Structure formats: C-alpha cells, structure tokens
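# Topology and contacts: notes
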Amino acid sequence: MNCPHCSSQIAPAQPVCSQCGFSAAAIRGYLGADWVKLARITDNAQLLSLKHTRHLETVLDDFERRFPQCFMAAYMGALPEALTLPDLGFWLINHGAFHTHQISRRNDFGIVLMIDPVRQQACLSLGYGLEAVLKETILTQILKKLQPLLTQGSFASAIESAVLLIDKGLQSAARREPRQLDQPPSVIGDASDLGLHTLRPPTRPLLHAPKPH
Ligand SMILES: [Zn+2]
C-alpha cells in the first residue's frame, strides 16, 4: 500500500518506507498489533446525532449495494499530536476488522474516512486493491470538496459527501477500465464450451437408425 507520509509504494511485508523512512512498526508500537473491530461509523468525538448516524448507515448501505466488493468505514475523533490521520488510516486498513454485512470481504477493498474535528482535517485511506483504482489525485479532489463542510462543522454532511464522491470516482474508474475479451473459441464441441451446462447427462442424438441385419 502507499506510504502514509510520502505516498510511495510500500510492500505489505516491508517494515520501513525506502523513500522517507516511515516505519509501520512505529505506528504499531503506538496503537498495537492487534486487530480492532471497525464499525462502519465510529463517532469517538460524539458529534453525530442519532438521526445523522441512522441516515449515514443508509448511505453506506446504498454504497455497499452498488459496490458489493467494497466497504467503507468512517472514523471521527480527535487524535493526539503524535498521530497523524494518514498514520491512523494506514493502521486501520492493516488492523481493522470491518464490520459489514459480508464478513468474507477483505481489507484490500476497504476505504476508511477519518475526520479529526479539532484539526478540521479529513483523510482517506484505501486498501491495496483500490489504490490503483482511486488515484491520489481523485482523493485529493474529494478531500478538497470536504474542507468547507469540515470548517463549518457539518461532519455528517462531510461523511455523506465523501461516500457519494467515492461512489462517483469508482463509477468513472469502472468506465475507464477496458473490457478484457478473450479470443472467441474456434471450435465448438458442445454447449459447455459456451458456458452452458446441460441439465440431462450428455447424450449424442441418434441421427441414423441402425441398419437391420
Ligand atoms: Zn514514505
């Protein structure tokens, strides 16, 4: 995944970023190496009303229906000075057990939005599988659009906007992706070569009646 400090590529097993010296172990030293349960909405700053939280749950439900392979979680809380939002995002992608309807999903397709209401900052961290799809420039644009909402203190709107903008980003990425088409099969033996499976055991049709002896 990308280094939370300089955005260069870091291999999952690589403990230190070769470009800037960022150390995943340092963050683990701070936050631990255990997995944590990551709810879709963690409001550690207690800024969302129950009504807002319920509404955001439905927004996230819609998102997950539209992109069944992805899932998104939002974290709101004031971080200590030693911890940056990208640090927390990096750690959550690696140590967060996303609480979604489908437990089979892996963090490769996870998205975490973190909001620090005191710093009035937001950050998006992506799993490995999404980094190639949602480029850094798209994320920067999304965060820029959230900034006025954060400054106003409209945190629920900021989360909703982030979900909708990511939805748009994923849609346009899906349109960009060229369709991979294989060569058409040159010979057709039977319907199974076309991906169709017969319900009866395969038998050859009897075209000629056997000659009487
Ligand atoms: Zn780095």
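Residues numbered from 1 in each chain as written. Predicted model: local features only at pLDDT ≥ 70, side-chain atom pairs only at ≥ 80, totals over all residues.

## Let's talk about the overall build of the protein chain
Helix and strand counts for the protein chain stand at six helices and six strands. Beginning at the N terminus, the succession of helices and strands in the protein chain can be written as α-β-β-α-β-α-β-β-β-α-α-α. When each of the 213 residues of the protein chain is scored for burial, the buried share is 27%. Look at the contacts in the protein chain between residues 6 or more apart in sequence, and 59% of them connect residues 24 or more apart. (Helix = DSSP H or I, 4+ residues; strand = E, 2+ residues; numbered from the N terminus. Buried ≥ 20, exposed ≤ 12 C-beta atoms within 10 Å, placed from the backbone. Contact = placed C-beta atoms within 7 Å.)

## With respect to the pairing of strand β5 (residues 110-116)
Burial within β5 is extensive, with seven of its seven residues counted as buried. Residues Gly110, Val112, Met114 and Asp116 point to one face of β5 and Ile111, Leu113 and Ile115 to the other, with burial holding for every one of them. Bridge analysis of strand β3 (residues 71-76) against β5 gives six bridges, and the strand direction is parallel. Its bridge partner being in β5, Phe71 is matched across the sheet by Gly110. Here β5 pairs with strand β6 (residues 121-126) via six bridges, running antiparallel. What sits directly across from Ile111, in β6, is Leu126. (Pairing = 2+ DSSP bridges.)

## Some words on helix α2 (residues 50-66)
Between its first and last C-alpha atoms α2 spans 25 Å; for 17 residues at 1.5 Å apiece the expected length is 24 Å, and the two agree. Along α2, the residues that are buried comprise Leu56, Val59 and Leu60. Down the axis of α2, the buried set is contained in an arc of 100 degrees. They therefore lie on one face. Within α2, the exposed residues directed more than 90 degrees away from the buried face are Leu50, Lys51, Arg54, Glu57, Thr58, Asp61 and Arg65. Its buried side turned inward, α2 meets β2 (41-43), β3 and α6 (155-176). (Expected span 1.5 Å × (residues − 1). Arc of directions from axis to C-beta.)

## Examining the nonpolar core
Met72, Ile111, Val112, Leu113, Met114, Ala158 and Ile159 are the most contacted members of the largest nonpolar core, which has 45 residues in total. Counting only elements with at least two residues in this core, the list comes to α1 (24-31), α2, β3, α3 (85-95), β5, β6, α5 (136-152) and α6. (Core = buried A, V, L, I, M, F, W, Y, C linked by C-beta atoms within 7 Å.)

## A closer look at the sheet that holds β6
The four strands lie next to each other as β2-β3-β5-β6, forming an open sheet whose pairing is mixed. Strands with a single pairing partner mark the edges of an open sheet, and in this sheet they are β2 and β6. Here the average twist between neighbouring strands, direction ignored, is 10 degrees. Packed onto the sheet, α2 meets β2 and β3 and runs at close to 150 degrees relative to β2. Helix-sheet contacts for α5 involve β5 and β6, and the interaxial angle to β6 is about 150 degrees. (Axes fitted to C-alpha atoms, helices over the stretch in contact; angles between N-to-C directions.)

## Brief notes about unusual backbone geometry
One non-glycine residue, Gln46, adopts positive backbone phi at about 50 degrees. Counting through the fold element by element, Gln46 comes out in the loop between β2 and α2. On the basis of neighbour counts, which here come to 9 C-beta atoms within 10 Å, the residue Gln46 falls in the exposed class. The backbone of Gln120 shows a phi angle near 55 degrees, a positive value even though the residue is not glycine. Residue position: Gln120 is located in the loop between β5 and β6.

## Notes on the packing of α2 against α6
Here α2 crosses α6 at 5 degrees, and the two axes come no closer than 10 Å. Judged by the angle between their axes, α2 and α6 are roughly parallel. Two secondary-structure elements touch here, α2 through His52, Leu56, Val59, Leu60, Phe63 and Arg66 and α6 through Ala156, Ile159, Glu160, Val163 and Asp167. Tallied by class, residues from the contact of α2 with α6 come to seven nonpolar, one polar and three charged. (Parallel < 35°, antiparallel > 145°, perpendicular 65-115°, else oblique. Nonpolar A, V, L, I, M, F, W, Y, C, P; charged D, E, K, R; others polar.)

## Some remarks on the pairing of β6
Counted residue by residue, β6 has five buried out of six residues, so it is predominantly covered. The hairpin turn running from β5 into β6, its antiparallel successor, is four residues long, and Gln120 in that turn takes a positive phi close to 55 degrees.

## What to know about the environment of Leu143
Mapped onto the fold, Leu143 is located in helix α5. The exposure class assigned to Leu143 is partly exposed, which follows from the 18 C-beta atoms found within 10 Å. Aside from chain neighbours lying at most four places away, what touches Leu143 is Ala122 and Leu124.

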